[in-house]
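Fold and geometry: a report
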Amino acid sequence: MAYHTLLHEYMKMPPVTRAYTTACVFTTVAVQLDVVSPFQLYFNPLLILKQFQVWRLITTFLFFGNIGFNFLFNMIFTYRYCRMLEEGSFRSRTADFVMMFLFGATLMIIWAFFINLLFLGQALTIMLVYIWSRRNPYIRMNFFGVLNFQAPYLPWVLLGFSILLGNTPWVDLMGIAVGHCYYYLEDVLPQHRANLKILKTPLFL
């Protein structure tokens, strides 16, 4: 009975959220079981360009570290804000949601060629959080029952929490920067430039 309930809830997830979170969990479990090594997954420009290990362009977004607090924390936020975006401002616009993922991932990969970052999944999560927070500016947030603030401050709170955990700030800052680029091009610029729309979803999507 519990299996059918879980399966039903799983199938109720919107398609992009279901596909991405499933890929992240499967990748992490595969590493945990020693089916693959993190050394086969991380972003390495030399191996991508010289040995054509192009899968690293994808796997860099799928591995969040070994199963533990950091993994669970990131997956909860990834699932929550990815789903809220897909069911909210991207409802019935799956192709546009995929385009947002492609835009964000492409920009992060370009920057990663110049910044020494091995895994970009957390940056993608922060990008999702940033876009959601800017599109829901009046929602009140509560962080671990300690901090109360408006939604637009959430990415910065997560950045501070990440630094307290001893993580590098560059991953979160990249996510915030890419999220702002998307938000500006998609939400701000069209309002000030006579409905100018730079990001257009390709027909094949």
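Look a little higher up for the structure.
To start, this report covers the structure provided alongside it. Quick caveat: nothing in here was measured; it's all calculated off a predicted structure.

**Describing a nonpolar patch on the surface**
Taken together, the side chains of L49, I110, F113, F114, I115, W156, W170 and L173 present a nonpolar region at the surface, about 850 Å² in accessible area. Secondary-structure assignment places W170 in helix α9 (residues 169–192).

**Things to note about the environment of I76**
Looking at where I76 falls in the secondary structure, it is placed in helix α5 (residues 69–87). As a C-alpha pair, I76 and F90 span 14 residues in sequence and 20 Å in three-dimensional space.

**Observations regarding the side chain of Q53**
Tracing the chain through its elements places Q53 in the loop between α3 (45–50) and α4 (56–59). By relative accessible area, which is 12% here, Q53 ends up buried. Once residues lying within four places of it in the same chain are set aside, the contact partners of Q53 are L47 and I48.

**Some points on the packing of helix α2 (residues 15–32) against helix α6 (residues 94–112)**
Interaxial distance between α2 and α6 falls to 10 Å at its minimum, and their mutual angle equals 35°. Contact residues: P15, V16, T17 and Y20 in α2; T94, F97, V98 and F101 in α6.

**A look at the pairing of strand β2 (residues 147–150)**
Examined bridge by bridge, strand β1 (residues 140–143) and β2 share four bridges and lie antiparallel to one another. In the sheet register, F143 faces β2, and the bridge partner there is L147. Hairpin connection of β1 to β2: three residues between the antiparallel strands, including F144 at a positive phi of 55°.

**Concerning unusual backbone geometry**
With a phi angle near 65°, D34 is a residue other than glycine that sits in the positive phi range. Although it is not a glycine, S92 adopts a positive phi angle of roughly 65°. Within the secondary structure, S92 is located in the loop between α5 and α6.

**A few points about the packing of aromatic side chains**
One pass over the full model with this rule turns up 11 aromatic pairs. Here a set of aromatic residues connected by ring pairs shows up, and it is made of F69, F73, F77, Y81, W132 and F161. Sitting above the plane of the Y81 ring, R80 keeps its charged end 5.5 Å from the centroid.

**Concerning the pattern of salt bridges**
Enumeration over the complete set of coordinates arrives at three salt bridges. Here R83 ties to E87 by a salt bridge, and the two come within 3.0 Å at their closest N and O atoms. Taken together, the residues span about one helical turn, with R83 and E87 both in helix α5 at a distance of four residues. For E87, a relative accessible area of 33% translates into the label partly exposed. Where R135 meets D187, a salt bridge forms, and the shortest distance between an N and an O atom there is 2.8 Å. Of this pair, R135 sits in helix α7 (residues 121–135) while D187 sits in helix α9; the two residues are 52 residues apart in sequence, bridging distant segments of the chain. Looking at D187, the relative accessible area reads 17%, which means it is buried.

**Structural notes on the nonpolar core**
Ranked by size, the top nonpolar core spans 54 residues in total, and within it M100, F101 and M108 carry the most contacts. Secondary structure elements with two or more residues in this core: α2, α5, α6, α7, β1, α8 (154–164) and α9. Dropping the residues within four chain positions of it, M100 is found in contact with L85, F90, M127, L128, I131 and Y182.

**Considerations on the environment of R134**
Within the fold, R134 resides in helix α7. Apart from residues no more than four positions distant in its own chain, R134 is found in contact with P152, H180 and Y183. A polar atom in the side chain of R134 sits 2.8 Å from the side chain of Y130.

Calculation criteria
- Residues numbered from 1 in each chain as written.
- Predicted model: local features only at pLDDT ≥ 70, side-chain atom pairs only at ≥ 80, totals over all residues.
- Heavy atoms only, no water.
- Patch = residues over 30% accessible without salt bridge, like charges linked within 9 Å, V, L, I, M, F, W, Y side chains within 5 Å.
- Areas by Shrake-Rupley, 256 points an atom, 1.4 Å probe, with all protein chains shown as cover.
- Salt bridge = Lys/Arg side-chain N within 4 Å of Asp/Glu carboxyl O.
- Helix = DSSP H or I, 4+ residues; strand = E, 2+ residues; numbered from the N terminus.
- Buried < 20%, exposed > 50% of the residue type's maximum accessible area, 1.4 Å probe, protein only.
- Contact = heavy atoms within 4.5 Å.
- Axes fitted to C-alpha atoms, helices over the stretch in contact; angles between N-to-C directions.
- Pairing = 2+ DSSP bridges.
- Phe/Tyr/Trp six-rings, centres within 6.5 Å; stacked < 30°, edge-to-face > 60°.
- Lys NZ or Arg CZ within 6 Å of the ring centre and 35° of its normal.
- Core = buried A, V, L, I, M, F, W, Y, C linked by side-chain atoms within 4.5 Å.
- Polar contact = N/O pair within 3.5 Å; in protein donor to acceptor, adjacent residues only side chain to side chain.

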